[in-house]
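Examining the three-dimensional arrangement
Chain residues, written in single-letter form:
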Amino acid sequence: MGEKDRIPNLPPEFNPIISLREDTPKTNFPDEALPPILREMTIGIAETTGTDTAMAATLILSAIGYCFTGVYRMQGKKDHSEAPVIYSFTVADPSERKSPVVKFIKKPFVDFEMKYNQEHAEEFHKIEAMKNKLILEADKLEKEGSDNVDYIAKLRTEAEQIGDVGKRRIAVDDITPESLVQLMGRNKTLLMISDEAGMLGNFAGRYSNSMPNLDMILKAWSGESFFCDRATKESIQISNPYLSISLTGQPYLWESMVVNPVFRNSGLLARFLYCFPKSKVGTRRYDSKAIKPTIIDSYNRLIEILLTRKFNTQSSKEKFLQFDTAAQQNFTDYYNTYIEKIQLTEFVNCKDWGGKYHGQILRLCCIIHCVKCIIDNKNPEEVLVNVDTLCMAISIADYYKNQAIYAFNIGGVDNEILKAEKALEIIKAKKFKEGFQSTLLKSCRYKIFGEPENFYNLLKLLEEYGYVALDERIAGNNKPAVYVYVNPKVFE
């Protein structure tokens, strides 16, 4: 008699199901807290791609923030202000349509960059010619032995003040730390937007003999002046550099980042807003609702207006936005009665992130306020930030608070847990409800499970967590065999 003829008939007893790791937060992204146009675009992208609105919203907030960097800062109190810089990382499995979402959001930024450079090409060449003329004249006087050092110094100073001339850059993708510094030197502000967050490995030392180079990416979050003096390269000085980051990546990237001491100990991970969007795989439809052309046009037009304002800003001095009296009191009370108190409770596993939470609220306030004002055809600096805007920012920040707590709690998950999760995926996909261990192992066909003995240990782990029940019996060949029952709740 074979194994199939000796199926035991006794009903199994399952342990109560315990999640292999902390469940993703159940809260939805508060779409209603987004300003008009951004809200409609977020919902439209989510509908046509079959994705969670949280994915599009997170990417949009980072990208929109770029439009105000170097122009505005949000003041919490006299000696504390925050730039509208958002570093975001959206973590989602393959096939979650991250690339199409990024493409919708990124397109108007790329289009504006190309159009701007084409329209100003002649101007760029004139400025470059003027700079070269000043340098050549100074060089000529020095070669001729001129003693008019004051005039020579004046020529070189004027050339330096012109700075680096060339095409403007807005969006960058896969980039090395060295290239980022060069581009920041020319542009002062940049938007790093990509559906491949693996490029962060460049900053951990992928191409520099494992020597990390995070200086720029750390300083550009707050606009801290950057100085680079290398013996083999020209010295670089950048005042108030700002970098907005909008990235997506697969879960394994987050796993590798959170256990990387360079990323964690430097404070880089504490600067990010995290998003683990709810998956809709299995329920999506091909005939999904397309985004209305009017919504796309409104979004593209808004980006064009914001970037035009940014590029036409003459003053290098940032404008400070301030709360009105009611909003100021509300923010102060919220910090004193809530934010500070949860540092040792809710933020116990991510105190570094929690320490920046109130600053993230200010950053969101700055972005939301500016967008609302521009839509209403008002100058943001001429309008005080009100309670309504503060409440919108707090609502969005609360979503990211829960996402961050989850992110840092799942960081560094044991390898056996990861294997157990993969086994469960296969069991669900193949609708395997019961059968011998050998049959299940053949169904899996994954090298990561190793030898039958290792697979048995994995099943014991799943039994401990209530996902399966194991019955050890003697098979028809008089050899011990393990019969596996899958908890029906797995398929619910």
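Anyway, here's the lowdown on the structure attached to this text. (Residues numbered from 1 in each chain as written. Predicted model: local features only at pLDDT ≥ 70, side-chain atom pairs only at ≥ 80, totals over all residues. Heavy atoms only, no water.)

1. A word on the overall build of the protein chain
The number of helices and strands found in the protein chain is 17 helices and 13 strands. Counting only C-alpha atoms and orienting by the principal axes, one finds that the protein chain spans roughly 105 × 55 × 50 Å. Every one of the 492 residues in the protein chain was classed for burial, and the buried ones make up 48%. In the protein chain, the share of contacts with a sequence separation of at least 24, taken over all contacts with a separation of at least 6, comes to 75%. Carbon and sulfur atoms provide 50% of the accessible area of the protein chain, an area that totals close to 25100 Å². The distance from the centre of the 63 positive side-chain charges to the centre of the 65 negative ones in the protein chain is 3 Å. (Helix = DSSP H or I, 4+ residues; strand = E, 2+ residues; numbered from the N terminus. Buried < 20%, exposed > 50% of the residue type's maximum accessible area, 1.4 Å probe, protein only. Contact = heavy atoms within 4.5 Å. Areas by Shrake-Rupley, 256 points an atom, 1.4 Å probe, with all protein chains shown as cover. Lys, Arg positive; Asp, Glu negative; His and termini not counted. Charge placed at Lys NZ, Arg CZ, Asp CG, Glu CD.)

2. Focus on the environment of Tyr338
Relative to the helices and strands, Tyr338 resides in helix α11 (residues 325–339). With a relative accessible area of 23%, Tyr338 lands in the partly exposed category. Separated by 121 residues in the primary sequence, Tyr338 and Leu459 place their C-alpha atoms 43 Å from one another. Polar side-chain contacts of Tyr338 include one of 2.6 Å to the side chain of Lys401. (Polar contact = N/O pair within 3.5 Å; in protein donor to acceptor, adjacent residues only side chain to side chain.)

3. Focus on the packing of aromatic side chains
Throughout the structure, instances matching the rule amount to 20 aromatic pairs. Judged by centre distance (5.2 Å) and plane angle (35°), the rings of Tyr334 and Tyr338 are tilted. With Tyr334 and Tyr338 both in helix α11, this residue pair falls four residues apart, about one helical turn. Between Tyr399 and Tyr400, the aromatic rings sit 5.2 Å apart at their centres with planes inclined by 80°, giving edge-to-face as the arrangement. Grouping aromatic residues by their ring pairs yields a cluster made of Tyr87, Trp254, Phe272, Tyr274 and Phe408. Between the NZ or CZ atom of Lys310 and the centre of the ring of Tyr66, over which it lies, the distance is 4.5 Å. (Phe/Tyr/Trp six-rings, centres within 6.5 Å; stacked < 30°, edge-to-face > 60°. Lys NZ or Arg CZ within 6 Å of the ring centre and 35° of its normal.)

4. Some details on the sheet that holds strand β12 (residues 468–474)
By definition, the strands of a sheet pair up through backbone hydrogen bonds, in either a parallel or an antiparallel sense. Judged by pairing direction, the sheet is antiparallel, and its three strands sit side by side in the order β11-β13-β12 without closing on themselves. Unpaired on one side and paired on the other, β11 (434–436) and β12 mark the two borders of the sheet. Across this sheet, the average inter-strand angle for adjacent strands is 20°, counted without regard to direction. In this sheet, strand β13 (residues 480–486) lies alongside β11 in antiparallel orientation, the contact comprising three bridges. The residue bridging Glu434 from the neighbouring strand is Tyr485, located in β13. On the sheet, helix α16 (residues 437–444) packs against β11 and β13 and is oriented at approximately 100° with respect to β11. Contacts from helix α17 (residues 452–464) reach β12 and β13, with the element oriented near 130° to β12. (Pairing = 2+ DSSP bridges. Axes fitted to C-alpha atoms, helices over the stretch in contact; angles between N-to-C directions.)

5. Quick notes on the packing of helix α2 (residues 53–66) against helix α10 (residues 293–312)
Look at α2 against α10: their axes get within 9 Å of each other, and the N-to-C directions meet at 30°. One finds that α2 runs roughly parallel with respect to α10. Of the residues in α10, those in contact with Ile60, Ile64 and Tyr66 of α2 are Tyr299, Ile303, Leu306, Leu307, Lys310 and Phe311. For the contact of α2 with α10, a count of residues per class yields eight nonpolar, no polar and one charged. (Parallel < 35°, antiparallel > 145°, perpendicular 65-115°, else oblique. Nonpolar A, V, L, I, M, F, W, Y, C, P; charged D, E, K, R; others polar.)

6. Details of the environment of Phe124
Note that Phe124 resides in helix α4 (residues 121–143). Residue Phe124 is classed as buried on the basis of its relative accessible area of 13%. Residues Phe124 and Arg168, 44 residues apart in the sequence, show an inter-C-alpha distance of 9.7 Å.

7. Considerations on the pairing of β12
Examined bridge by bridge, β12 and β13 share seven bridges and lie antiparallel to one another. For Arg473, the partnering residue across the bridge sits in β13 and is Ala481. Connecting the antiparallel pair β12 and β13 is a turn made up of five residues, with Asn478 showing a positive phi of about 65°.

8. Quick word on the side chain of Glu82
Residue placement: Glu82 occurs in strand β2 (residues 80–82). The exposure class assigned to Glu82 is buried, which follows from its relative accessible area of 10%. Reaching out from Glu82, the side chain makes a polar contact with the side chain of His80 at a distance of 2.9 Å. Separated by 2.8 Å, the side chains of Glu82 and Arg363 make a polar contact.

9. A few points about the packing of α2 against helix α13 (residues 357–375)
Axis separation between α2 and α13 bottoms out at 10 Å; the angle between their running directions is 75°. Looking at the two axes, α2 sits roughly perpendicular to α13. Where α2 abuts α13, its residues Leu61, Ile64 and Gly65 lie against Leu364, Ile367 and Val371. Across the contact of α2 with α13, the residue classes tally to five nonpolar, one polar and no charged.

10. Some words on the sheet that holds strand β10 (residues 319–321)
Reading across from one edge, β2-β1-β10 is the order of the three strands in this open sheet, with mixed pairing throughout. Only two strands of the sheet have a single neighbouring strand rather than two, namely β2 and β10. Put simply, the sheet's adjacent strands are angled 40° from each other on average, direction ignored. The pairing of strand β1 (residues 72–77) with β10 spans three bridges and is classified as parallel. Looking at β10, one finds that Tyr72 is bridged to Lys319. Set on the sheet, α13 makes contact with β1, β2 and β10; between it and β1 the angle comes to about 130°.

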